[in-house]
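Residues per chain are reported as follows:
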2 protein chains.
Amino acid sequence: MAILTFIGAGQMASALTFPTFENGHEIRLVGTPLDRDVIDGLRKDNFHINLKRTLHDGIKYYQVEEMEDAIAGADVILGGVSSFGVDWFAEEVLPKLNKDVPVITVTKGMIDREDGTMMTYPDFWKSTEAGKDLNMNAIGGPCTSYELADKDHSAVAFCGTDIDTLRYLKSLFETDYYHVSLSTDVTGVECAVALKNAYALGVSLAVGLAEKREGIGAIHYNSQAALFGQSVREMRRLLALAGGQDDNIVYGAGDLYVTIFGGRTRKIGTLLGRGMSFDDAMQELAGVTLESIVIATRTARAVKALAKNGKADTKDFPLLMHVDEIINQGKAVDIPWTAFETETIL
Amino acid sequence: MAILTFIGAGQMASALTFPTFENGHEIRLVGTPLDRDVIDGLRKDNFHINLKRTLHDGIKYYQVEEMEDAIAGADVILGGVSSFGVDWFAEEVLPKLNKDVPVITVTKGMIDREDGTMMTYPDFWKSTEAGKDLNMNAIGGPCTSYELADKDHSAVAFCGTDIDTLRYLKSLFETDYYHVSLSTDVTGVECAVALKNAYALGVSLAVGLAEKREGIGAIHYNSQAALFGQSVREMRRLLALAGGQDDNIVYGAGDLYVTIFGGRTRKIGTLLGRGMSFDDAMQELAGVTLESIVIATRTARAVKALAKNGKADTKDFPLLMHVDEIINQGKAVDIPWTAFETETIL
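Residues numbered from 1 in each chain as written. Chains lettered and ligands numbered in written order. Predicted model: local features only at pLDDT ≥ 70, side-chain atom pairs only at ≥ 80, totals over all residues. Heavy atoms only, no water.

Our focus in this paragraph is the overall build of chain A. Helices and strands together make up the secondary structure of chain A, namely 16 helices and 13 strands. Taken over the C-alpha trace, chain A has a radius of gyration of 20 Å; the compact-globule value for 346 residues is 20 Å, and the two agree within 12%. Taken along its principal axes, the extent of the C-alpha atoms in chain A is 60 × 45 × 35 Å. For chain A, the proportion of its 346 residues judged to be buried stands at 62%. When contacts within chain A are restricted to residue pairs at least 6 apart in sequence, long-range pairs at least 24 apart make up 69% of them. Carbon and sulfur atoms provide 48% of the accessible area of chain A, an area that totals close to 12,800 Å². Positive and negative side-chain charges in chain A, numbering 33 and 48 respectively, have mean positions lying 3 Å apart. (Helix = DSSP H or I, 4+ residues; strand = E, 2+ residues; numbered from the N terminus. Rg over C-alpha atoms; globule rule 2.2 N^0.38 Å. Buried < 20%, exposed > 50% of the residue type's maximum accessible area, 1.4 Å probe, protein only. Contact = heavy atoms within 4.5 Å. Areas by Shrake-Rupley, 256 points an atom, 1.4 Å probe, with all protein chains shown as cover. Lys, Arg positive; Asp, Glu negative; His and termini not counted. Charge placed at Lys NZ, Arg CZ, Asp CG, Glu CD.)

This part takes up unusual backbone geometry. Phi is positive for A:Asn46, which is not a glycine, with a value near 65°. On the accessibility criterion, A:Asn46 (11% relative accessible area) is buried.

A word on the packing of aromatic side chains. Considering all chains together, one arrives at 21 aromatic pairs over all chains under this definition. Each ring, one from A:Phe261 and one from B:Tyr221, has its centre 4.6 Å from the other, and the planes form 15°; the classification is stacked. Of this pair, A:Phe261 sits in the loop between helix H11 (249–260) and helix H12 (264–274) while B:Tyr221 sits in the loop between helix H9 (186–214) and helix H10 (222–242), which puts the two residues in different chains. The exposure class of B:Tyr221 is buried, given its relative accessible area of 16%. The interplanar angle of 55° and the centroid separation of 6.4 Å between the aromatic rings of B:Phe158 and B:Tyr178 together place this pair among those described as tilted. With B:Phe158 in strand S11 (residues 154–160) and B:Tyr178 in strand S12 (residues 178–183), this residue pair connects regions lying 20 residues apart in the sequence. Classification of B:Phe158 by relative accessible area gives buried; the value is 0%. Taken together, the ring pairs in this structure connect A:Tyr221, A:Phe228, A:Tyr257, A:Phe261, B:Tyr221, B:Phe228, B:Tyr257 and B:Phe261 into an aromatic cluster. (Phe/Tyr/Trp six-rings, centres within 6.5 Å; stacked < 30°, edge-to-face > 60°.)

Glancing now at the environment of B:Phe340. Within the secondary structure, B:Phe340 sits in helix H16 (residues 337–340). For B:Phe340 and B:Leu227, which are 113 residues apart along the polypeptide, the C-alpha to C-alpha distance reads 9.0 Å. Beyond its immediate sequence surroundings of up to four residues, B:Phe340 is in contact with A:Ser181, B:Leu227, B:Gln230, B:Arg233, B:Glu234, B:Pro318, B:Leu319 and B:Ile335.

A separate point is the sheet that holds strand S6 (residues 76–79) of chain A. Strand pairs in the sheet, formed through backbone hydrogen bonds, run parallel or antiparallel to each other. Strands sit in the order S5(A)-S2(A)-S1(A)-S6(A)-S7(A)-S10(A)-S11(A)-S12(A)-S13(B) across an open sheet of nine strands; the sheet is mixed. Edge strands, defined here as strands with exactly one partner in the open sheet, are strand S5 (60–62) of chain A together with strand S13 (343–344) of chain B. Direction of pairing for strand S11 (residues 154–160) of chain A relative to strand S12 (residues 178–183) of chain A: parallel, over a ladder of six bridges. Across the sheet, residue A:Phe158 finds its bridge partner in S12(A), namely A:Leu182. (Pairing = 2+ DSSP bridges.)

Turning our eyes to something else, we now look at helix H14 (residues 291–308) of chain A. One turn of an α-helix holds 3.6 residues; hence residues three or four places apart share an orientation. All names here are of chain A. Compared with the 26 Å implied by 1.5 Å per residue over 18 residues, the 26 Å span of H14 between its first and last C-alpha is a close match. Of the positions making up H14, those classed as buried are Ser292, Ile293, Ile295, Ala296, Thr297, Arg298, Thr299, Ala300, Ala302, Val303, Ala305 and Leu306. Within two residues after H14, glycine 310 carries a phi angle of roughly 75°, on the positive side. (Expected span 1.5 Å × (residues − 1).)

This brings us to the packing of H10(B) against helix H11 (residues 249–260) of chain B. All names here are of chain B. One way to put it is that H10 packs onto H11 with a least axis distance of 10 Å and a crossing angle of 140°. Seen along the crossing, H10 lies across H11 with a hand that is right-handed. Residues Gln224, Phe228, Ser231, Val232, Met235, Arg236 and Leu239 of H10 lie in contact with H11, whose contacting residues are Ile249, Gly252, Ala253, Leu256, Tyr257 and Ile260. (Axes fitted to C-alpha atoms, helices over the stretch in contact; angles between N-to-C directions. Left-handed = near helix turned anticlockwise from the far one by under 90°.)

This brings us to the pairing of strand S1 (residues 3–7) of chain B. All names here are of chain B. The buried fraction of S1 amounts to five of the five residues, a majority that puts the element mostly inside the structure. The alternating pattern of S1 places Ile3, Thr5 and Ile7 and Leu4 and Phe6 on opposite faces, both of which are buried. Strand direction decides the pairing type here: S1 and strand S2 (residues 26–30), joined by five bridges, are parallel. Opposite isoleucine 3, over in S2, you have glutamate 26 as the bridge partner.

Here you go:
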């Protein structure tokens, strides 16, 4: 039995209490400043007001000011913040951690540097003074929190630089419904699963386009599949640019698949595809965190910076560039179909 | 304006009358011996009884015994038979064709040879006496017939050995909703889109498994995404074994996506996932042509033959092997999740 302290009581971290608690570990779930009501609710009856699932009785709950108690004696720290909590995690959490205790985070995303190179969150945290000596690992792959909580089979990848740490973490988390692959290619895994957010928005445009043509509720898959294929093509190119191994497209494609069918990103893509302006669509989804907007913007910015330095060609990323135009330049949806066409001569 | 003769009045060939007729070509649609009622119906009011769409008025319809009239003077022959009509096409159609007239076929699938090598249908037809001098091309990629008929955007690949022929064919077929890439990697394109049938069955097992657990109609995507990712992994390995270029996974993944959501293969996978035996599932779907069963069997047999010759390892294809066990050895569905787990050490 180990002691696992989860920092952030968001949906994914909270869903991960299921496999870990069921494996017999002590689980300490700590809310961020934004999770006060979540923790209050959990303390009352174990019901998570956002995940809308009842967590196992026996999990220990902490408000943010009790974080140090929760960290004391922990064998593993799980970072459960969203991409909007990355700086908070760096400033408020990392300085409290012990370098001998491995950290594993569920935050998906990446930061683009001015020269166009892309930096994963584990690398960002390692680049800080408080994080530089930490044993930092991360979880990628197709897994939505609701379905994990419902024990649907989920296959993920744990990545980090030390394979022994990864094997230890796997031993704590894996169950007969939570399946874990391991990889020391942190850049590859993290980029693959970050990129899918931008492309899930791209594929979802087709959902709205079909509805625009035939009425709300009309569903077609040819156009979604065309954009899915183009997404796989561009994601493979981006993985190569970021320096990740090509095989990570397995996580990227799987994660793209599950994201297209799960919630927020699909909603914004559908609204845009129907012909709504970006500003109106954002207003309709007010209050919903949209990591896809952030990641699409950052990825497009990275490609454009790399192109400026002669290290990439924006023409290789027509779908990403179009998504960027829509969300950052107010352009109307007009899928560049002919730009997707290729001629392969052996 | 060109004269295009379509041999086979199945759903895909008939759907392809839309872009070609709209481009101003003369379209001659010839039924196989199985299409007699289809042609009779079309002659009456242009309504296709299987596609359930009204074709353009002006298309010329032919019964099989009128095939030679339809072929006379044609600029292009389109082969529209299903994989169950491959031999009929070789015996009854190829001998009637002129070697100066390009042929393009929509039949997806492949034939496994005894040594485990996989042969595409264009290569099979080229291997016959009547076909050896023909200019044989094929259409691959994600495109269901209904949605093409409804003018949903569809992106496909035309493949063949001569790029000029491919460019000519593209000029006849492409419209603002039918988008065509070209490739001389016939093996790569054809294998990628053949394989997806086997894997669409594999992914659909998750649909049924979720229903078995939670009741019919329950939908989860984590497990589908896990199997989708594993399918992409195995399809890339199979493409490499067949000698196709890796980039064809773009067509394979897109085609897998559209096949999972379209009809017959999903039905059999779902029934099996719910726990129905293969024999009972086939009985429930009696009369429905199930190319996925044929292609899964052939692909598994090819991998096993290659493995016997030391050219492949069946352990690299755990999902395909499990699908094969289910459909050919009566095994119950029991997804080998741990066999999908990988350890990547850079």
